[in-house]
Amino acid sequence: MRVVASTRVLRLVLALLALAVLYVAVVQIGTRLLDGVQIDLTQDHIYTLAPGTRDIARSPREPVQLTLYFSRHSARDLPQLRAYAQRVQTLLREVARVSQGRVRLALVDPRPYSAAEDRALAAGLSALPVGPEGQRVIFGLVGTNATTGIADIPFLQPDKEAFLEYDVARLIHELVTPQRPVVGLISGLPVEGEPATGMEAPGLPPWTAFQQLGQLFRVQPLDGRTLTAIPADVRVLLLVQPDMLGAGAVQAIRAFLLRGGHLALFIDPDPETLPPAQAVASAQASWHALRPLFAEWGVSFDPDRVVLDPTLARSVSPQAGAAPEPDPAVLGLGRAELSHDDVITAGLRSINVSTIGSFEQTEHARLRLVPLLQSSGDAGNVSVQRVLDTPDPQALLDNLRPARGRYVLAARLTGALAPGAQQADIVLVADTDLLSDRLWVQLLPFFGQTLTSPFANNGDFFLNVIDNLSGSSALISIRGRAVAARPFTRLRALRAEAEQAFRERRLALQQQLDAAEQRLLEIEQVRSAGGTSDRLHEAEYHAASEKRRDIRNELRRIERHLDTRILSLQWRIETLDIFLLPALIAVFGLLLMAWRRWRGSAAP
């Protein structure tokens, strides 16, 4: 019996060794044969690079060196930041892999007072005190090549994960494109900011959309009053409420289009960034100058009419401190109002506009008008003056007559302007307010810097227009990717339900506590005024103190009960999420084993 037992043990050990060798062999062979092969099963394919990123990664003619600086040691107590750093590394490795050797990646942990920290700071990266104890963390990306030099992302913000791939692709694009496309700008609005003119007028910064435009393109301001020819190096002409165009400028724009130039025009019946009286005059002047061009294109635009849409109305506060209410002149356009067929708007989700106009194709149009943004079918239009004279937004809807169809709020014009002329490519937008910060981005101070937190895709829409017209459309497909973070949404819902269940009881107790403390304060005032205390006051004071103590104890009990319930919910859901699948596999294996044994015992 001992010999048989020893033989079984020996066979078992040999089998385990054979399995171990087989496992290592399979892993090694699979690593070599399947190198570069991956399957992205995430819902939004967050680990799959966009086609534009692949094109840009393979575009360098000379190697691009990417260096990711991350203070791993200083961020040891910041799990969220460490998780995001892992996400960044995964993306950069994928970029380097698809580049076929054109993009190289290095990872550096710049410890305090080290040479690596000096190099990171010299490259322009920021060391921010983001740790709980104020420890400084460097988390940025530096790209270099032999010709263009250096480009960087000073700090990789976790809240900008949706734009991470775009930012990385843009950094490479900057390095491989020594000369950025030139955008000629004619604007009647302070889009590039205003200089300070004294202590009372400290000046205004550029609009965020135009700051981003300047990062991608070389913006060349043009004077519409004296312009007689568009410079030859201008690839895209950008007109924003051009209320100062002379006759020579209009002829120059016509010639620019006939030779194949690309035009983006933002014209607004009520540019709210100007005082009301000046806004009306600006709209009339812009339309008066551009009317001959619109007539040639076969497009009509009414500078006196504003589109109202009760279905798409956004809630805004009519006055400072007032409760928000729906304003039919301020519209939130969703995916149903954005064209799904044009690359400019296909990847966008929401755009906010305000006091927008509309375009319409005339009967004998030379160019084809293709809508990019449209209203709902419930929209109508009213005069600009009525909007300016009506403080109550809901009163604007009185006697509003919906149009028979949807208003075209922005459109692309294509076709030949004249026989033999090159194909025109023009984008028209009947609003300029959508470019201003208030409709799409929140600016937040962050350790001496200003973070931009977009809440709509207005900036993406604007840059997509210029990108597309300039021909560098590779970046368009990259913006607004999904994020890797997947919170327990069911847990959040259960937490909200639990908090709601205790909310009424907690509010009632809080009111009783406030009343008790107010009564104690009154008694204290009476006692202080009288200089002495009588028995009545002493008894009442004692009773109020006892009541306050009981209420505070009850509030603490409710808080503990709420925390216990939430932690219990969290534990159950996380346990199910982690162990459910392994448990099912184990049960399946046991059932399979039992079934085989049953078949073996049942066999003759």
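Residues numbered from 1 in each chain as written. Predicted model: local features only at pLDDT ≥ 70, side-chain atom pairs only at ≥ 80, totals over all residues. Heavy atoms only, no water.

## With respect to the overall build of the protein chain
What counts is decided by this rule: Working definition: helices are DSSP H or I runs of at least four residues, strands are E runs of at least two. Numbering for both runs from the N terminus. A simple rule labels every residue: compare its accessible area, found with a 1.4 Å probe on the protein chains alone, to the largest value its type can have, and call it buried under 20%, exposed over 50%, or partly exposed in between. Whether two residues are in contact is decided by their heavy atoms, any of which lying within 4.5 Å being enough. The protein chains shown are the only cover counted for residues, whose accessible areas, like all others here, come from Shrake-Rupley with a 1.4 Å probe.
Within the protein chain one finds twelve helices and 21 strands. In the protein chain, which comprises 604 residues, the proportion classed as buried is 40%. At a minimum sequence separation of 6, the contacts of the protein chain that also span at least 24 residues come to 71%. In the form shown here, the protein chain has an accessible surface area of approximately 33,200 Å², with 55% of it arising from carbon and sulfur atoms.

## Points about the UniProt feature "transmembrane region" (unreviewed entry) in the protein chain
What counts here: UniProt positions are given in the numbering used here, feature names are shortened, and annotations may be inferred rather than shown by experiment.
Residues annotated by UniProt as "transmembrane region" (unreviewed entry) correspond here to residues 578-595. In residues 578-595, the share of helix is 100% and the share of strand is 0%. The end C-alpha atoms are 27 Å apart.

## Regarding the packing of aromatic side chains
Describing an aromatic ring pair means giving the distance of the ring centres and the angle of the ring planes. For the record, the criterion: A pair of aromatic rings is counted whenever rings of Phe, Tyr or Trp (Trp by its six-membered ring) have centres within 6.5 Å, and the orientation is called stacked for planes under 30 degrees apart, edge-to-face for over 60 and tilted otherwise.
As enumerated under the stated definition, the model contains twelve aromatic pairs in all. Here Phe 294 and Trp 297 contribute two aromatic rings whose centre-to-centre distance is 5.2 Å and whose plane-to-plane angle is 45°, an arrangement assigned as tilted. Of the two residues, Phe 294 and Trp 297 are both situated in helix H8 (residues 276-297); the distance of three residues between them amounts to about one turn of the helix. Look at Phe 294 and you get buried, because its relative accessible area is 0%. For the ring pair Phe 294 and Phe 301, a centre distance of 6.4 Å and an interplane angle of 35° mean the geometry is tilted. Ring-pair connections join several aromatic residues into one group, and the members of that group are Trp 287, Phe 294, Trp 297, Phe 301 and Phe 359.

## Overview of helix H3 (residues 79-98)
What counts here: A helix is expected to reach a length of 1.5 Å times the quantity of its residues less one.
The terminal C-alpha atoms of H3 lie 29 Å apart, and with 20 residues this matches the ideal 28 Å at 1.5 Å per residue to within 8%. Residues of H3 that are buried include every one of Leu 81, Tyr 84, Ala 85, Arg 87, Val 88, Gln 89, Leu 91, Leu 92, Glu 94, Val 95, Ala 96 and Val 98, and no others. Residues of H3 that are buried make contact with helix H2 (51-57), strand S1 (64-70), strand S2 (103-108), strand S4 (136-144) and helix H5 (164-176). Immediately downstream of H3, the backbone of Gln 100 shows phi near 60°, a positive value.

## What to know about the sheet that holds strand S14 (residues 351-354)
Let me state the cut-off plainly: In short, DSSP must find at least two bridges between two strands for them to pair. To get an axis, fit a line to the C-alpha atoms, keeping to the stretch in contact for a helix; angles then go from 0 to 180 degrees between the N-to-C directions.
Ordered by their spatial adjacency, three strands build an open sheet running S12-S13-S14, and the pairing between neighbours is antiparallel. Taken across any chain shown, the strands that pair with only one partner, and hence form the sheet edges, are strand S12 (313-316) and S14. Averaged over neighbouring strand pairs, the angle between their axes works out to 55° when direction is ignored. For strand S13 (residues 325-333) and S14, the ladder comprises four bridges, and the chain directions are antiparallel. Paired with Leu 331 across the strands is Val 353, a residue of S14.

## Looking at the pattern of salt bridges
Spelled out, the test is: Salt bridges are counted wherever a side-chain nitrogen of Lys or Arg sits within 4 Å of a carboxyl oxygen of Asp or Glu.
Applying the stated criterion across every chain yields a total of ten salt bridges. Between Glu 296 and Arg 254 there is a salt bridge whose closest N-O contact spans 2.6 Å. Here Arg 254 lies in helix H7 (residues 247-258) and Glu 296 lies in helix H8, a separation of 42 residues in the sequence. Between Arg 412 and Asp 342 there is a salt bridge, and its shortest N-O distance comes to 2.8 Å.

## Regarding a positive patch on the surface
Put simply, the test is: Residues form patches when they are more than 30% accessible in relative terms and have no salt bridge. Like charges link within 9 Å. Nonpolar side chains (Val, Leu, Ile, Met, Phe, Trp, Tyr) link within 5 Å. This count recognises Lys and Arg as positive and Asp and Glu as negative, with His and chain-terminal groups excluded. Where a charge sits is defined by one atom per residue type, namely NZ (Lys), CZ (Arg), CG (Asp) or CD (Glu).
Residues Arg 548, Arg 552, Arg 556 and Arg 560 make up a contiguous surface patch of positive charge. On the secondary structure map, Arg 556 appears in helix H12 (residues 535-602).

## Points about the side chain of Asn 352
What counts is decided by this rule: N or O atoms closer than or at 3.5 Å make up a polar contact, with two conditions inside protein: a donor-capable atom paired with an acceptor-capable one, and, for residues adjacent in sequence, both atoms drawn from side chains.
For Asn 352, the position within the fold is in strand S14. Of the polar contacts made by the side chain of Asn 352, one reaches the backbone oxygen of Leu 439; its length is 2.9 Å. Not counting residues up to four positions away in its chain, the partners in contact with Asn 352 are Arg 314, Leu 331, Gly 332, Leu 434, Leu 439, Phe 455, Ala 456 and Asn 458.

## Regarding H5
Relative to the 18 Å expected for 13 residues at 1.5 Å per residue, H5 spans 19 Å between its end C-alpha atoms, a close match to the ideal helical length. Of all 13 residues that make up H5, eleven are buried, and the element is covered over most of its length. Inspection of H5 places Leu 164, Glu 165, Tyr 166, Asp 167, Val 168, Ala 169, Arg 170, Leu 171, Ile 172, His 173 and Leu 175 among the buried residues, and these make up the whole buried set.

## What about empty space enclosed by the protein?
Let me state the cut-off plainly: Here a cavity means grid points, on a 1 Å grid over the protein atoms only, where a 1.4 Å probe fits yet cannot get out; a pocket means an open set of points with protein on both sides within 12 Å along at least five of seven lines; lining residues are those with an atom within 4 Å of a point. Grid points are joined across faces, edges and corners, and a volume is the space filled by probe spheres set on the points. All residues other than Ala, Val, Leu, Ile, Met, Phe, Trp, Tyr, Cys, Pro, Asp, Glu, Lys and Arg, Gly among them, are scored as polar; the first ten of these are nonpolar and the last four charged.
Evaluation of the coordinates by the stated rule reveals one cavity of 30 Å³ or more. For the largest cavity, the calculated volume is near 40 Å³. Every residue along the wall of the largest cavity is listed here: Ile 46, Tyr 47, Leu 49, Arg 87, Thr 90, Leu 91 and Glu 94. For the lining of the largest cavity, the class distribution of residues is four nonpolar, one polar and two charged.

## Looking at the packing of H7 against H8
This is how it is decided: Each angle receives one of four descriptions, namely roughly parallel if under 35 degrees, roughly antiparallel if over 145, roughly perpendicular if within 65 to 115, and oblique otherwise. Crossing handedness: left-handed means the near helix sits turned counterclockwise from the far one by under a right angle, and right-handed means the same turn made clockwise.
Following both chains from N to C, one finds H7 and H8 inclined at 30°, their axes separated by 9 Å at the closest point. Between H7 and H8, the interaxial angle falls into the category roughly parallel. Crossing handedness for the pair H7 and H8: right-handed. Here Val 250, Ile 253, Arg 254 and Leu 257 of H7 come into contact with H8, specifically with Ala 289, Pro 292, Leu 293, Glu 296 and Trp 297. Here the residues of the contact of H7 with H8 sort into seven nonpolar, no polar and two charged.

## Considerations on unusual backbone geometry
Not every positive phi belongs to a glycine, and Tyr 113 is a case in point at roughly 65°. Of note, Tyr 113 is situated in the loop between S2 and helix H4 (115-122). If you check the backbone angles, Thr 355 has positive phi at about 40° while not being a glycine. With respect to the helices and strands, the residue Thr 355 is situated in the loop between S14 and strand S15 (359-361). Thr 355 sits in the buried class, given a relative accessible area of 2%.

## Quick look at the nonpolar core
Counted only if it meets this: We define the nonpolar core as a collection of buried residues of types Ala, Val, Leu, Ile, Met, Phe, Trp, Tyr and Cys that are connected through side-chain atoms lying within 4.5 Å of one another.
In terms of nonpolar packing, the biggest core is built from 85 residues, with Phe 210, Leu 238, Phe 294, Trp 297, Phe 461, Phe 462 and Ile 466 touching the most fellow members. Counting residues per element, this core draws most heavily on H8, which supplies seven residues. Those residues in contact with Phe 461, other than ones at most four positions away along the chain, are Phe 266, Ile 344, Thr 345, Leu 348, Ile 351, Leu 373, Ala 410, Val 429 and Leu 434. Counting residues in each nonpolar core, the second largest holds 32 residues, with Val 88, Val 103, Leu 128 and Leu 156 among its members.

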